[in-house]
Amino acid sequence: MTQRAKIDTDGSGTPAEAERPVVHRVAGLTAAEVAERVARGEVNDVPVRSSRSTADIVRGNVFTRFNAIIGVLWVIMLFVAPIQDSLFGFVIIANTGIGIVQELRAKKTLDGLAVIGEARPSVRRDGVSAEISTSEIVLGDLIELGPGDKVVVDGEVAEADSLEIDESLLTGEADPVVKRPGDRMMSGSFVVAGGGAFTATKVGREAYAAQLAEEASRFTLVHSELRSGISTILKYVTWMMIPTALGLVVSQLVVKDHDFKESVARTVGGIVPMIPEGLVLLTSVAFAIGVIRLGRKQCLVQELPAIEGLARVDVVCLDKTGTLTEGGMDVTDLRLLDGADESYVRKVLGALGESDPRPNASLQAVIDAYPDAEDWRCTESLPFSSARKYSGAAFSEGDGESSTWLLGAPDVLLPAEDPALAEIDRLNQQGLRVLLLARAAGELDAPDVSAGAKATALVVLEQRLRPDAADTLSYFGDQNVAAKVISGDNAVSVGAVAGKLGLPGAEHTVDARKLPDELERMAEVLDENAVFGRVTPRQKREMVAALQSRGHTVAMTGDGVNDVLALKDADIGVSMGSGSEATRAVAQIVLLDNSFATLPSVVAEGRRVIGNITRVATLFLTKTVYSVLLAILVVVCQVEYPFLPRHLTLLSTLTIGVPAFFLALAPNKERARPHFVRRVMRYAIPAGVIAGTATFATYLLARHHYTGPGALDAETSAATLTLFLVSMWVLAIIARPYTWWRVTLVAAMGGAFLLVLVVPWLQHFFALKLVGVTMPWTAVAIAAAGAAVLELAWRWVGRRFPA
């Protein structure tokens, strides 16, 4: 890292060396010093964990409230009833095992991707720079910085080359802070312009950012309506279940005078189905499999609910460079102004390229096109910044002359009436990017250095469109997701690029310098237009806030340091893997292969999770509602509970467990909608009430129909038949719209139940045997009536309580 110093001259053009500050390049620690610090434990050992630990995963799946309840009931049943009535316990063990395995697979995927996307700071040791893992930094290390680099530990500036640091993620202050040798550096901040190096003074858990929280999740945590909704439902279920279960216990064990073990079995049979134990499992599995699927596409999901969040997005803000266009550019033309000499201009451009040790994509294209003039020496440099839209440098030319040059946005450097802007507009309309080379009239460190600058040449750059960008924009259009292109480039040029990609509204571009400051008026302009140019980093943040004020769920994509603030404030931040460390740190989703085309896969995965969990939650909660209703009716009517645990294990497996597993993992392109709890309960409550009422009606009729020994078994079988048929109709409704595999799934579950009814040993195992003809057909008729009422109720609820 060479720090550039301003060189004064004595008027003859000869550098006055006595007045020039002497800059020493710090060598950094030696290998022996590093070894000593490692031995003392002065290492940056903060664990960067992209997922839960193995112990946390096992603990989270095993030690749950409902597992505890079911575990106690299972132990009781193992002592008082045949093994058939304890099957529900084995099902819970299997479910828990599946949950653990899937989460461990997701953890392996996440941890592998996190290593690929991990920040690797450049550290200077023994005078040599090398990239190392963040965890290998030791106290006293000299860490080099460039634009977009994240400050990973606390330290003190050792070298500064026009170094500007953004500390807004820590302090809330958006203006960059100019840093000089000796100034404090805080971890969690990032470089917006210039470069330098700093000495690590606090590492590990002593660093500022480590004390706040873990880097990637410190700033904003994605809200998961799905998880919070399920937590709300489970809370209400628990409140409802406790008094009902107590009433059932008293009814079956105290009031009814029959065999104690039989009473215990039927009591447990009434309590177990109230618990929607598989709902949490399926949600975890759906998320985990989503992570694995996206991981195969090189998409790192840093916060799991981000999958769900992106599915709810209705506005996606795209940064043009690096998202719609590829990072690289090519110089296609050099247009001289006011009779400038081409060979001289080429020397200037070559020297400007050499003046910046960390060039952006535009300057890199200039470097590739124009070699450095060896006899020119840079005496002062001004790095490019997104806020000012230009860079610059002062040179001592080979012949002793001095000059100061600026390279950047023409419409920023030139006055509005300059005739050169007309030609620039024509080039921008072709989708070309144009830089203006201008000779500054004053000193480079003057606050108005661009004032009076003389236009010398136009550098025309061609941007490479991403081959998959058009299809991705088309996908968002089909899904009713509004795409907003927000770029720091010239508005006309941005509109031309968006037009080539077929973005609707690209012909009406907006120069962000003319945007109103009021949030409400800005939101109106944003809603009405799709392409915005000359947007400053602060404006990007304000535009996200304006869209959110209109109730939009906003995703922001970007790869540059100028995107960080907007990424942080957006509902979902999406960063490119090749983007700056700062953008990757605050984004919830990182596209490691830099492919914008991966976004539709993330949206589709989120929609699959939300849509399918909404479906299966209705199945689980229908069971909870009819179980609670049956228990209440049993207590009120003072009768035996109609079912043993084995009956409800069979019903739950065929009408909920197996179908829910397939439905939860199936493709689903339904757009995610809000109000998860309301949308689930508006169907689950009437469905559960109808199923419970029909079942209890059959049970009461069967009690009057059957007498003598074995009557209770016959009554249970008739009630089980009604409950199964009504539950199957609920499943048939949930499975819509039908596809071949969904029809096959429903038919297979019906066939499995029929098999239990006709195979003698299965009849005995599940204690199910239909007696006579009258009552079984009555059960079928009641179930058919229940199904008809269910269908009517389903349609009425859809009209009366729309989602």
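Cut-off values and rules
Residues numbered from 1 in each chain as written. Predicted model: local features only at pLDDT ≥ 70, side-chain atom pairs only at ≥ 80, totals over all residues. Heavy atoms only, no water. Helix = DSSP H or I, 4+ residues; strand = E, 2+ residues; numbered from the N terminus. Contact = heavy atoms within 4.5 Å. Core = buried A, V, L, I, M, F, W, Y, C linked by side-chain atoms within 4.5 Å. Buried < 20%, exposed > 50% of the residue type's maximum accessible area, 1.4 Å probe, protein only. Phe/Tyr/Trp six-rings, centres within 6.5 Å; stacked < 30°, edge-to-face > 60°. Expected span 1.5 Å × (residues − 1). Arc of directions from axis to C-beta. Pairing = 2+ DSSP bridges.

Within the element layout of this structure, Glu791 appears in helix 28 (residues 774–800). Aside from chain neighbours lying at most four places away, what touches Glu791 is Trp729, Ile733 and Arg736.

So, about the nonpolar core. Formed by 89 residues in total, the largest nonpolar core has its most connected members in Phe88, Ile613, Val616, Phe676 and Phe753. Among the elements that line this core, the one with the most residues is helix 22 (residues 599–637), at twelve residues. Beyond its immediate chain neighbours, meaning those up to four positions away, Ile613 contacts Leu226, Ile230, Leu282, Thr283, Ala286, Arg608 and Phe676.

Let us look at the packing of aromatic side chains. Tallying each qualifying case throughout the model produces eleven aromatic pairs. For the ring pair Tyr683 and Trp794, a centre distance of 4.3 Å and an interplane angle of 5° mean the geometry is stacked. Of the two residues, Tyr683 sits in helix 24 (residues 676–705) while Trp794 sits in helix 28, which places them 111 residues apart along the sequence. The pair formed by Tyr683 and Trp794 is uniform in burial state, with each residue classed as buried. An angle of 80° between the planes, with centres 5.0 Å apart, marks the rings of Phe765 and Phe766 as edge-to-face.

For Ile610, the position within the fold is in helix 22. For Ile610 and Val494, which are 116 residues apart along the polypeptide, the C-alpha to C-alpha distance reads 35 Å. In this structure, Ile610 is in contact with Leu226, Glu308, Ala311, Arg312 and Ala672, ignoring residues within four places of it in sequence.

Turning next to helix 3 (residues 65–80). For helix 3, spanning 16 residues, the distance from its first C-alpha to its last is 23 Å, which sits close to the expected 22 Å at 1.5 Å a residue. For helix 3, every residue scored as buried is listed here: Phe66, Asn67, Ile70, Leu73, Trp74, Met77 and Val80. Projected onto a plane normal to the axis of helix 3, the buried residues spread over an arc of 160° and lie on a single side. Opposite its buried face, helix 3 presents the exposed residues Val72 and Phe79, each directed more than 90 degrees away.

Of the two faces of strand 9 (residues 315–318), both are covered, the one formed by Val315 and Cys317 as well as the one formed by Val316 and Leu318. As defined by bridge partners, strand 9 adjoins strand 16 (residues 482–486) across four bridges and the pair is classed as parallel. Across the sheet, residue Cys317 finds its bridge partner in strand 16, namely Lys484.

Structural measurements only, silent on function.
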